[in-house]
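Results of the structural survey
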Amino acid sequence: MEPHDLNMAAQPCRWCGGTGRSNELHRRYAPGTCRACAGAGTVLVYLPASACPGCGGTGVHGIRDPVYGSVPCHDCSGTGWSFFMHRFDGDGV
Ligand SMILES: [Zn+2]
Ligand SMILES: [Zn+2]
């Protein structure tokens, strides 16, 4: 099945800004593959794509973490989108 068959479209991952890599702004995770999009730089979002209301589409939790600086939005796992498909199986965020 192609993504459009599922009424989905690839949207840029907000956590990494589409780079697929964690960055120094977001120290929650060690530098390396972005956890939100598994390094793809995009996430598959159900259409019509809607920004996550929990973070306003930024992917960053509104309250800064004293240790990590910023942490992923709990609602969207850092992707910045509502109703997205996880690309990988893992322990989540
Ligand atoms: Zn990402
Ligand atoms: Zn969010």
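Below, the structure is looked at part by part. For clarity, every value in this text was computed on a predicted model and none was experimentally measured.

**Overview of the coordination of the zinc ion (ligand 1)**
Around the zinc ion (ligand 1), the donor atoms from the protein are C13 (SG), C16 (SG), C34 (SG) and C37 (SG), and they sit 2.2 to 2.3 Å away. In primary sequence terms, the donor set of the zinc ion (ligand 1) follows C-x2-C-x17-C-x2-C. Considered together, C34 and C37 belong to a single accessibility category, that of buried residues.

**Some words on the coordination of the zinc ion (ligand 2)**
For a metal bound by four donors in tetrahedral geometry, the ideal donor-metal-donor angle is 109.5 degrees, whereas six donors in octahedral geometry ideally sit at 90 or 180 degrees. Distances from the zinc ion (ligand 2) to its protein donors, C52 (SG), C55 (SG), C73 (SG) and C76 (SG), fall at 2.2 to 2.4 Å. Coordination at the zinc ion (ligand 2) comes from four donor atoms whose angles at the metal span 105 to 113°, giving a geometry best classed as tetrahedral. On the primary sequence, the residues serving as donors to the zinc ion (ligand 2) are separated as C-x2-C-x17-C-x2-C. Of the residues examined, C52 reaches a relative accessible area of 3% and is grouped as buried.

**Some remarks on the sheet that holds strand 1 (residues 8-12)**
Taken in spatial order, the three strands line up as 1-2-3 in an open sheet, and their pairing is antiparallel. Of all the strands in the sheet, just strand 1 and strand 3 (84-85) have a single pairing partner and so form its edges. Summarising the sheet, strand 1 and strand 2 (residues 42-46) pair through five bridges and their orientation is antiparallel. Bridge assignment links A9 to a residue of strand 2, and that residue is V45.

Conventions adopted
- Residues numbered from 1 in each chain as written.
- Chains lettered and ligands numbered in written order.
- Predicted model: local features only at pLDDT ≥ 70, side-chain atom pairs only at ≥ 80, totals over all residues.
- Heavy atoms only, no water.
- Donors = N, O, S within 2.8 Å, 3.2 Å for Na, K, Ca; no water.
- Buried < 20%, exposed > 50% of the residue type's maximum accessible area, 1.4 Å probe, protein only.
- Tetrahedral: all angles 85-135°; square planar, octahedral: opposite > 155°, others 65-115°.
- Pairing = 2+ DSSP bridges.
- Helix = DSSP H or I, 4+ residues; strand = E, 2+ residues; numbered from the N terminus.

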